[in-house]
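# Descriptive structure summary
Residue strings, one per chain:
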Amino acid sequence: VKSAIPALTVVACVLRGERFPLAVYLTLLPTIVGVALASLSDSEFSMAGLLAAVGSTCAQTALNLTSKQALSRLGLNGSEGQCLLTCNCALAAVPLCLVANRGSPGGSTTPGGLTGSPSRTTVLFAAAGMAYHAEYSLNFAFVRLVSPLAFSVTDVARRLAIILTGAALFRKQLSRTNGMGVGLALGGVLCFLLAASTPHHTPVKSRRKKLAGASR
């Protein structure tokens, strides 16, 4: 589901009046299909999981579209924007964690239903927190430098890195389909970068502003 983020981003950009060369649209297909194939072996289905994935996809797309403008409007750098968003997410997550723990069997207060020693749970949460902090610190620093569409497409490389790293850490053998998906997605990202770097990759709004300035 989340492999569709580049497609949703380009649809939103088009609805806002931006246009891209045909080559840019075509590169999205192998990118999206490649990520889906790369993670196909781990796919499971439940309605709750599907709704969570759809919600996360929509939220990530909205973040891609609005974060750059929001940082510029508020005069924040990447680390400041990341800190502000983290605080808001923490406040929103507290009641959700309380509700989830209250409904767990036996009133367990172990977050997420993790089992094992308290020290192991602490290490896992600390590692996850450090990983997410590093990820979003880099994201907010990078998003200021590129367009929303370029950010969503290049973010595919991060998703592929997660798949490959997980396979290595958990000693999981990737299937031929997974390997084909990784290669297809990387090829799509590279083709997008080449297509987007051409002089013709200029949104319609930007071209109109340039023409208006030239006429003056």
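Up top is the structure.
Residues numbered from 1 in each chain as written. Predicted model: local features only at pLDDT ≥ 70, side-chain atom pairs only at ≥ 80, totals over all residues. Heavy atoms only, no water.

### Things to note about the packing of helix α5 (residues 118-143) against helix α6 (residues 148-169)
At a minimum axis separation of 12 Å, α5 and α6 run at an interaxial angle of 150 degrees. Relative to α6, the element α5 is oriented roughly antiparallel. Crossing hand, α5 versus α6: right-handed. Here α5 contributes Glu 135, Asn 139, Phe 142 and Val 143 to the contact with α6, which in turn contributes Phe 151, Thr 154, Asp 155 and Arg 158. In terms of residue class, the contact of α5 with α6 is made up of three nonpolar, two polar and three charged. (Axes fitted to C-alpha atoms, helices over the stretch in contact; angles between N-to-C directions. Helix = DSSP H or I, 4+ residues; strand = E, 2+ residues; numbered from the N terminus. Parallel < 35°, antiparallel > 145°, perpendicular 65-115°, else oblique. Left-handed = near helix turned anticlockwise from the far one by under 90°. Contact = heavy atoms within 4.5 Å. Nonpolar A, V, L, I, M, F, W, Y, C, P; charged D, E, K, R; others polar.)

### Concerning helix α2 (residues 22-38)
The end-to-end C-alpha separation of α2 is 25 Å, in line with the 24 Å expected for 17 residues at 1.5 Å each. Tucked inside the fold, the buried residues of α2 contact α1 (5-15), α6 and α7 (176-196). (Expected span 1.5 Å × (residues − 1).)

### Some thoughts on the nonpolar core
In terms of nonpolar packing, the biggest core is built from 27 residues, with Phe 20, Val 24, Leu 149, Val 153, Val 156, Leu 160 and Phe 192 touching the most fellow members. The set of elements that each furnish at least two residues to this core consists of α1, α2, α3 (47-74), α5, α6 and α7. Those residues within four positions of Leu 149 in sequence are excluded, and the remaining contacts are Pro 6, Thr 9, Val 10, Phe 20, Val 24 and Phe 192. (Core = buried A, V, L, I, M, F, W, Y, C linked by side-chain atoms within 4.5 Å. Buried < 20%, exposed > 50% of the residue type's maximum accessible area, 1.4 Å probe, protein only.)

### A closer look at unusual backbone geometry
The backbone of Arg 171 shows a phi angle near 50 degrees, a positive value even though the residue is not glycine. As for its placement among the helices and strands, Arg 171 is situated in the loop between α6 and α7. Looking at Arg 171, the relative accessible area reads 80%, which means it is exposed.

### With respect to the layout of surface pockets
Where empty space is left in the structure can be found by rolling a water-sized probe over the atoms. Roughly 780 Å³ of internal volume is contained in the second largest pocket. Lining the second largest pocket are 20 residues, and of these Thr 86, Cys 89, Ala 90, Ala 93 and Tyr 132 lie nearest its centre. Contributing elements (two or more residues each) for the lining of the second largest pocket: α3, α4 (78-102) and α5. In terms of residue count, α4 provides more of the lining of the second largest pocket than any other element does, eight residues in total. (1 Å grid on protein atoms, 1.4 Å probe; cavity = no way out; pocket = protein on both sides within 12 Å on 5 of 7 lines; lining within 4 Å. Points joined across faces, edges and corners; volume = space filled by probe spheres on them.)

### With respect to the packing of aromatic side chains
In total, this model carries two aromatic pairs according to the counting rule given. Look at Phe 20 and Tyr 25: their rings are 6.2 Å apart centre to centre, the planes differ by 75 degrees, and that puts the pair in the edge-to-face class. Residue classification places Phe 20 among the buried positions, given a relative accessible area of 10%. In this structure Tyr 25 comes out as partly exposed when scored by relative accessible area, which is 28%. Taking the centre distance of 6.0 Å and the plane angle of 40 degrees together, the rings of Phe 142 and Phe 151 count as tilted. (Phe/Tyr/Trp six-rings, centres within 6.5 Å; stacked < 30°, edge-to-face > 60°.)

### Some thoughts on empty space enclosed by the protein
Throughout the structure, instances matching the rule amount to one cavity of 30 Å³ or more. Estimated volume of the largest cavity: approximately 50 Å³. Lining the largest cavity are Gln 60, Leu 63, Asn 64, Ser 67, Tyr 136, Asn 139, Phe 140, Val 143 and Phe 151. When residues of the lining of the largest cavity are traced back to their parent elements, those giving at least two are α3 and α5.

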